[in-house]
Amino acid sequence: MTTSGTGPGPIPGPTENSLRRALKRARDGVALDVAEAAVLLQARGEALEDLAASAARVRDAGLEAAGRPGVITYSKSVFIPLTRLCRDKCHYCTFVTVPGKLRRAGHGMFMSPDEVLDVARRGAALGCKEALITLGDKPEERWPEAREWLDAHGYDDTIAYVRAISVRILEETGLLPHLNPGVMSWTDFQRLKPVAPSMGMMLETTATRLWSEPGGPHHGSPDKEPAVRLRVLEDAGRSSVPFTSGILIGIGETYEERAQSLFALRKVSRAYHGIQELIIQNFRAKPDTAMRKMPDAELDELVATVAVARHIMGPSACLQAPPNLVDSEYGRLIGAGVDDWGGVSPLTIDHVNPERPWPQIDELAEKSAAAGFELRERLCVYPEFVGRGEPWLDPRLLPHVRALADPQTGLAVPDAVVEGHPWQEPEEVFVPSGRTDLHRTIDTEGRTSDRRDDFDEVYGDWAALREAAAPGMAPERIDTDVRQALATAADDPTKLTDGEALALLHADGPALDALTRIADDVRRSAVGDDVTYIVTRNINFTNVCYTGCRFCAFAQRRTDADAYTLSLDQVADRAQQAWELGAVEVCMQGGIHPDLPGTAYFDIAKAVKERVPGMHVHAFSPMEVVNGATRTGLSIREWLAAAKEAGLDSIPGTAAEILDDEVRWVLTKGKLPAATWIEVVTTAHELGIRSSSTMMYGHVDQPRHWLGHLRTLAGIQQRSGGFTEFVTLPFIHTNAPVYLAGISRPGPTVRDNRAVTAMARLLLHPYIPNIQTSWVKLGTEGAAEMLRSGANDLGGTLMEETISRMAGSSYGSYKSVKDLVAVADAAGRPARPRTTLYGEVPEERQRAAAESDGHLPQLLPVLD
């Protein structure tokens, strides 16, 4: 019988045959499963030597492929314990303390900026290049003293202080911050990414029972729930943050649970390609902790885990084992497949393991050389990510990283001068560049190619994505009586149950015809027969974007042939020209360009208002709002208030796609989660900034997702009343990456379009009275059909439209007023113009539109 270190009790050891078979598979390079990995974790003696040797060969192949054969790395760092307060209660931790002990020791609740910078400056003088900032999770949520300190120093939360101190470290010392603030949200990553080249958080284990059961090492620690920590790893990948993670062995997990933890890390790594290193850390019991009597994880346990991790993670993974936790047995770890020693400080102690001093760097080099390896210094961000550049490194960090990195290898330049550099936005942001006539030539010349050159890398792992998409695309069985559901809809659509609504979303044939008739009747009673439209112009001010939305064919890298960015003058020129053509609105959205500062959006709104004071500025999706807020360090509310002051009148409710993260994380790599989209639009509504609402459907979704989305919008509208309309956005598949990769459906069917339009009318009634259909995506006949299915609005003239056209829409970029009236005529309905907020259009605007109708002048020449 054997146990897994400090596991839950004796368990049968592996049979000789199972161990022999697993060892052979490892030697032969065959992929292991969880059961085989659990067997190999128990290898000892000659079997362990065999396992380690095969793991070392895997490591050596990876180093050869990376161009650094025979190299083992470390980072010369200082350890900065920003605060030792934490809301968690891990039973093995001595890093965390309480406010009373800090006060008695003469310390503040947080290290002050002067204390942090003193350590960082002394580290820089010794040639350190990394500031390892470690702290407890969200201490202000447990300790009033932490909240008081943050308030007194002007910080909304701990993350705000981490961001501020990171900027000062960059500017005043030249060290590169590596941030370990614990569990972070997607928004936290957006806030911190511009100030730190890399971040980290140990997964520790996926064994939920060690968190949920009383007496477990993580019981009572909300941030140690495995599902929460896995979500953090995924959000790091979605945000393109080079991320360090790992497992802690010997805290009570079984061998199978340990193997499952490694496979979970591999899954995240393959999906997002963002885990830069994996730490395999052995448990060491510490006095004055609840686990002080637990035995330490033995060296054989650590060696076997390193070897198995190497086999699971593969040759390209970077594996680290902390050298101060192994009593100089460095050779065995090198022999098992590690290629990194982690951060080693010539100045500060390991505050998490204060009883275990760092080895001297010369000693580490000596021991590594004895095992046949050259010790080389790296930065906190690994060479692979230094080489990748955007989107993994924010433009504001590039000068700091390049000052310390060897451009050939991505490793540290050992004798580089470590000194502060300004942390600032790139200069000359609004320099017109690229294919600025794309809005016009997309209809005549088309796009240069059907996909980006980095198609296989930028969106994550397509195989992992197919696996993730499969459950969401499985059709469901519907048992609800459609006839009863139709009767409820006709009597009072607000009384439709979810079961009835789902049955109607699946309706076809005569039932679908009946559904659209009911929806059309509800439309007539709610808003009358008039079909509304708006004379507007789309201005997509840049298509440079690194977010990695898998449905988007609009986004380009700055070096792609179809990439462009407009100047402020060009934006204003287009707005002025739209005004001369009778427009009452400009709708402005763009890619998440890495060079655009968070204040750029204010400049865009001001440029339009200064040129055309009477133009309604309908601009900036919730994704752009979050980008602006995180780049400026403002809250979403503060940023929106500043944007409103700059001239923003309303926001488009795009970037919603499907408000279900099960679907969102297949559709998008790095876009905002559903909860954040909701936060942005509700905050905007609270500030008096109205918005539209949207749903993009027909890709990897099912009717149950449509239902949840529509219910969510109705709930928001009941609380805020801020939505002006709901816009149906059928997925355009032709050039969409997720379709080209063979994952999504080829857009919605005609049945889907009719059902979604009709059910939007019924499920949003009476809260959102205006339902808009998209002629850009459906064409004239399709839009007329939707007008007979519950829609009452045709959207705008657009004048230019690039996003749908880049995706492969064949219905053009401009509709004249006469064209839109003709669509309404085809549906047997009158048409009238409207404003953004569905008000009456001034006579002067109507005359200007009529005089220029159908005569769109050529816009802005191609730049040399």
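Above this text you will find the structure in question.
First, a word on scope: everything that follows refers to the structure included in this document. What you are looking at is a predicted structure, and each value in this text was computed from that prediction instead of being measured.

1. Re the overall build of the protein
Thinking step 1. Across its full length, the protein holds 35 helices and 21 strands.
Thinking step 2. Relative to the globule expectation of 29 Å for 864 residues, the C-alpha radius of gyration of the protein, 29 Å, shows essentially globular dimensions.
Thinking step 3. Classification of the 864 residues of the protein by burial places 63% in the buried group.
Thinking step 4. In the form shown here, the protein has an accessible surface area of approximately 31400 Å², with 50% of it arising from carbon and sulfur atoms.
Thinking step 5. Each charge class in the protein can be summarised by its mean position, and for the 92 positive and 118 negative side chains these summaries are 2 Å apart.

2. Here we look at the nonpolar core
Thinking step 1. Counting 126 residues, the largest nonpolar core has Phe243 and Trp341 as the members making the most contacts within it.
Thinking step 2. The biggest single contributor to this core is helix 12 (residues 299–313), with nine residues.
Thinking step 3. The contact partners of Trp341, leaving out residues within four places of it in the chain, are Ile72, Thr73, Tyr74, Gln320, Ala321, Pro323, Tyr330, Leu333, Ile334, Leu364, Ser368 and Leu375.
Thinking step 4. Of all hydrophobic cores here, the second largest spans 123 residues; its members include Ala489, Ile592, Leu798 and Ala849.

3. Side note on helix 23 (residues 568–580)
Thinking step 1. Under the 1.5 Å per step criterion, the end-to-end length of helix 23 is 18 Å for 13 residues, consistent within 8% with the ideal 18 Å.
Thinking step 2. For helix 23, the full list of buried residues reads Gln570, Val571, Ala572, Arg574, Ala575, Gln577 and Ala578.

4. Some thoughts on empty space enclosed by the protein
Thinking step 1. Scanning the model with the defined rule gives six cavities of 30 Å³ or more in all.
Thinking step 2. Its boundaries defined by the atoms lining it, the second largest cavity holds a volume of some 330 Å³.
Thinking step 3. Along the wall of the second largest cavity there are 22 residues; nearest its centre are Gln190, Lys193, Ile592, Asn627 and Arg631.
Thinking step 4. By residue number, the principal contributor to the lining of the second largest cavity is helix 25 (residues 622–632), which donates five residues.
Thinking step 5. Of the residues in the lining of the second largest cavity, the class split is 10 nonpolar, seven polar and five charged.

5. Some details on unusual backbone geometry
Among all residues save glycine, negative phi is the norm, and among peptide bonds the norm is trans.
Thinking step 1. Between Glu390 and Pro391 the backbone carries a cis peptide bond, its omega angle lying at 0°.
Thinking step 2. Within the secondary structure, Pro391 is located in the loop between helix 15 (383–388) and helix 16 (398–402).
Thinking step 3. In the segment running from His765 into Pro766, the intervening peptide bond is cis, with an omega of 0°.
Thinking step 4. With respect to the helices and strands, Pro766 occurs in the loop between helix 31 (750–763) and strand 19 (771–772).
Thinking step 5. In the Ramachandran plot, His273 falls in the positive-phi region, its phi being about 55° despite a non-glycine side chain.
Thinking step 6. Take His273: its relative accessible area is 29%, and that puts it in the partly exposed class.

6. Notes on the side chain of Thr536
Thinking step 1. By secondary structure assignment, the location of Thr536 is in strand 12 (residues 536–540).
Thinking step 2. Residue Thr536 is classed as buried on the basis of its relative accessible area of 2%.
Thinking step 3. Within the structure, the side chain of Thr536 is placed 2.8 Å from the side chain of Glu585, a separation counted as a polar contact.

7. Focus on the pairing of strand 3 (residues 176–180)
Thinking step 1. In terms of burial, strand 3 is a largely internal element, four of the five residues being buried.
Thinking step 2. Direction of pairing for strand 3 relative to strand 4 (residues 198–200): parallel, over a ladder of two bridges. Residue pairing across strands places His178 opposite Ser198, the latter belonging to strand 4.
Thinking step 3. Read as a crossover between parallel neighbours, the route from strand 3 over helix 8 (residues 186–192) to strand 4 is right-handed.

8. What to know about the pattern of salt bridges
Thinking step 1. Summed over all chains, the structure comprises 52 salt bridges.
Thinking step 2. The residue Asp60 makes a salt bridge to Arg59 at a minimum N-O spacing of 2.7 Å.
Thinking step 3. Owing to a relative accessible area of 2%, Arg59 belongs among the buried residues under this scheme.

9. A short note on the environment of Pro287
Thinking step 1. Along the polypeptide, Pro287 turns up in the loop between strand 6 (275–282) and helix 12.
Thinking step 2. For the pair formed by Pro287 and His400, sequence separation is 113 residues and the distance between their alpha carbons is 41 Å.
Thinking step 3. Leaving out residues up to four positions away in the same chain, Pro287 has contacts with Thr94 and Arg292.

10. Some remarks on the environment of Ala35
Thinking step 1. Following the sequence through the fold, Ala35 ends up in helix 2 (residues 34–40).
Thinking step 2. Of the residues examined, Ala35 reaches a relative accessible area of 47% and is grouped as partly exposed.
Thinking step 3. For the pair Ala35 and Tyr255, spaced 220 residues apart in sequence, the C-alpha separation works out to 9.1 Å.

11. Let's talk about the pairing of strand 15 (residues 616–619)
Thinking step 1. Side chains of strand 15 alternate between two faces, with His616 and His618 and Val617 and Ala619 buried alike.
Thinking step 2. Pairing of strand 14 (residues 585–589) with strand 15, which is carried by four bridges, proceeds in the parallel orientation. Bridge pairing in strand 15 links Val586 to Val617.
Thinking step 3. Where the polypeptide runs from strand 14 across helix 24 (residues 600–611) and back to strand 15, its parallel neighbour, the crossover connection is right-handed.

12. Regarding helix 14 (residues 361–370)
Thinking step 1. The set of residues buried in helix 14 consists of Ile361, Leu364 and Ser368. Down the axis of helix 14, the buried side of the element spans an arc of 55°, and every buried residue falls inside it. Exposed residues on helix 14 whose side chains face more than 90 degrees from its buried face are Asp362, Glu366 and Ala370.
Thinking step 2. Those residues of helix 14 that are buried are in contact with strand 1 (71–83), helix 13 (330–336), strand 8 (340–344) and strand 9 (374–378).
Thinking step 3. Gly372 sits one or two residues past helix 14 and shows a positive phi near 90°.

13. Observations regarding the packing of helix 21 (residues 498–505) against helix 29 (residues 703–720)
Thinking step 1. Where helix 21 meets helix 29, the axes come as close as 9 Å, and the angle between the chain directions of the two elements is 125°. Taken as axis vectors, helix 21 and helix 29 run oblique relative to one another. Crossing of helix 21 against helix 29: the hand is right-handed. Contact residues: Asp498, Ala501, Leu502 and Leu505 in helix 21; Pro703, Arg704, Trp706, Leu707 and Arg711 in helix 29.
Thinking step 2. Taken together, the residues of the contact of helix 21 with helix 29 break down into six nonpolar, no polar and three charged.

14. Structural notes on the side chain of Glu585
Thinking step 1. Here Glu585 lies in strand 14.
Thinking step 2. Arg834 is the oppositely charged side chain nearest to the buried, salt-bridge-free Glu585, at an N-O distance of 5.3 Å.
Thinking step 3. There is a polar contact of 2.6 Å between the side chain of Glu585 and the side chain of Thr836.
Thinking step 4. Ignoring sequence-local partners within four residues, the contact set of Glu585 consists of Ile534, Val535, Thr536, Arg537, Met615, His616, His618 and Thr836.

15. Remarks on the packing of aromatic side chains
Thinking step 1. Using the criterion set out here, one finds 16 aromatic pairs in the structure.
Thinking step 2. Here Phe189 and Phe243 contribute two aromatic rings whose centre-to-centre distance is 5.9 Å and whose plane-to-plane angle is 70°, an arrangement assigned as edge-to-face. In this pair, Phe189 is assigned in helix 8 and Phe243 in strand 5 (residues 243–249), connecting sequence segments 54 residues apart. The pair Phe189 / Phe243 is uniform in exposure class, with both members buried.
Thinking step 3. Plain terms: the ring middles of Tyr697 and Trp706 are 5.8 Å apart, the flat faces sit at 70° to each other, and that makes the pair edge-to-face. The same class applies to Tyr697 as to Trp706, namely buried.
Thinking step 4. Chaining the aromatic ring pairs together yields one cluster made of Phe541, Tyr601, Phe602, Phe620 and Trp639.
Thinking step 5. Lying over the aromatic face of Trp392, Arg388 brings its terminal NZ or CZ to 4.8 Å of the ring centre.
Thinking step 6. Directly above the aromatic system of Trp579 lies the positively charged group of Arg845, at a separation of 3.6 Å from the ring centroid.

Criteria and cut-off values
Numbering of residues starts from 1 in every chain and runs along the sequence as written. Totals for whole chains, interfaces and linings use all residues, but because this is a predicted model, local features are given only for residues with pLDDT of at least 70 and pairs of side-chain atoms are given and counted only at 80 or more. Excluding hydrogens and water, the side-chain figures rest on all heavy atoms present in the structure. Strands here are runs of E lasting at least two residues and helices are runs of H or I lasting at least four, both read from the DSSP assignment and numbered beginning at the N terminus. The size measure is the radius of gyration over C-alpha atoms, and the globule rule it meets is 2.2 Å times the number of residues to the 0.38 power. A 1.4 Å probe rolled over the protein chains alone gives each residue an accessible area, and that area as a share of the maximum for its type sets the label: buried under 20%, exposed over 50%, partly exposed in between. Each accessible area value is a Shrake-Rupley result obtained with a 1.4 Å probe; residue values ignore everything except the protein chains displayed when judging cover. Under this rule, positive means Lys or Arg and negative means Asp or Glu; His and the chain ends count for nothing. Taken as the charge location is NZ of Lys, CZ of Arg, CG of Asp or CD of Glu. Residues belong to one nonpolar core when they are buried, are Ala, Val, Leu, Ile, Met, Phe, Trp, Tyr or Cys, and are joined through side-chain atoms within 4.5 Å. Residues count as neighbours in contact if any of their non-hydrogen atoms are within 4.5 Å of one another. A helix is expected to span 1.5 Å for every residue after the first. Detection works on a 1 Å grid of protein atoms alone, calling trapped sets that fit a 1.4 Å probe cavities and calling open sets with protein on both sides within 12 Å along at least five of seven lines pockets, with lining residues defined by an atom within 4 Å of a point. Grid points are joined across faces, edges and corners, and a volume is the space filled by probe spheres set on the points. Under the scheme applied here, ten amino acids are nonpolar (Ala, Val, Leu, Ile, Met, Phe, Trp, Tyr, Cys and Pro), four are charged (Asp, Glu, Lys and Arg), and all others, including Gly, are polar. Any pair of N or O atoms that falls within 3.5 Å is considered a polar contact. Within protein, one atom must be able to donate a hydrogen and the other to accept it, and sequence-neighbouring residues count only if both atoms are side-chain atoms. Between any two strands, at least two bridges found by DSSP are needed for them to pair. A right-handed crossover is one whose linking path, passing over the helix from the first strand to the second, runs clockwise when the strands point away from the viewer. The salt bridge criterion pairs a side-chain nitrogen of Lys or Arg with a carboxyl oxygen of Asp or Glu, the two atoms within 4 Å. This arc corresponds to the set of directions leading from the helix axis out to the C-beta atoms. Axis definition: a line fitted to C-alpha atoms, limited for helices to the stretch in contact. Angles are taken between N-to-C directions and run from 0 to 180 degrees. Any angle between 65 and 115 degrees counts as roughly perpendicular, while under 35 counts as roughly parallel, over 145 as roughly antiparallel, and the rest as oblique. The handedness criterion is simple: a crossing whose near helix is rotated anticlockwise from the far helix by less than a right angle is left-handed, and one whose near helix is rotated clockwise is right-handed. We call Phe, Tyr and Trp rings a pair once their centres come within 6.5 Å, taking the six-membered ring for Trp, and we label the pair stacked below 30 degrees between planes, edge-to-face above 60, and tilted otherwise. In this scheme, the term charge over a ring applies when either NZ of a lysine or CZ of an arginine sits within 6 Å of the ring centre and within 35 degrees of the ring normal.

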